Amino acid sequence: QVQLKLPGGGLVQPGGSLTLSCVVSGGAFDIYAMGWFRQAPGKKREFVASISRNGYTSNYADSVKERFTISRANAKMTVYLRMDSLEPEDTAVYCCARERTPYGLGTSGDFCSWGQGTQVTVSL
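Residues numbered from 1 in each chain as written. Predicted model: local features only at pLDDT ≥ 70, side-chain atom pairs only at ≥ 80, totals over all residues. Heavy atoms only, no water.

Undergrad: With reference to specific residues and values, describe the packing of aromatic side chains.
TA: Taken as a whole and assessed by the stated rule, the structure comprises three aromatic pairs. Centre to centre, the rings of Phe-37 and Phe-111 are 5.1 Å apart; their planes meet at 70 degrees, and the pair counts as edge-to-face. Here Phe-37, found in strand β4 (residues 34–39), pairs with Phe-111, found in strand β10 (residues 111–112); they are 74 residues apart in sequence, far enough to count as distant. Across this residue pair, the class does not change: Phe-37 and Phe-111 are buried. The interplanar angle of 70 degrees and the centroid separation of 4.7 Å between the aromatic rings of Phe-37 and Trp-114 together place this pair among those described as edge-to-face. (Phe/Tyr/Trp six-rings, centres within 6.5 Å; stacked < 30°, edge-to-face > 60°. Helix = DSSP H or I, 4+ residues; strand = E, 2+ residues; numbered from the N terminus. Buried < 20%, exposed > 50% of the residue type's maximum accessible area, 1.4 Å probe, protein only.)

Undergrad: Lay out the nonpolar core in plain terms, naming residues and giving numbers.
TA: Core analysis: the largest hydrophobic core is formed by 25 residues, its most contacted members being Leu-20, Trp-36, Val-48, Phe-68, Leu-81, Met-83 and Tyr-94. Of all elements in the fold, only β3 (18–25), β4, β5 (46–51), β7 (68–73), β8 (78–83), β9 (92–99) and β11 (118–122) reach the threshold of two or more residues within this core. Considering each element in turn, this core owes the most residues, four residues, to β3. (Core = buried A, V, L, I, M, F, W, Y, C linked by side-chain atoms within 4.5 Å.)

Structure follows, in structure tokens:
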């Protein structure tokens, strides 16, 4: 059984930075692409970023390009989301997930094994 845990999250001022971590336990980690998603109050869950199993390919939503960076450390079974220049519009519950099919690039849009979310609030 794959479990994803997200230490981190919290309150940050506009323009600030925050790094989220997602630790995977159980199952293989280095054969799956991983993704970050978020859901703001009253809105649908949306894609934020994804990274291929070897970290060579990453994809970002237009709203976070040039501000967010996804990375991974396979030896630690962890995927990270570095968030810079945060805006109030980034306020949401963030979660990570694993791409359903192994050896993908994280571009299928088909993710599973959703981890528990963590709240990120951007406010003065």
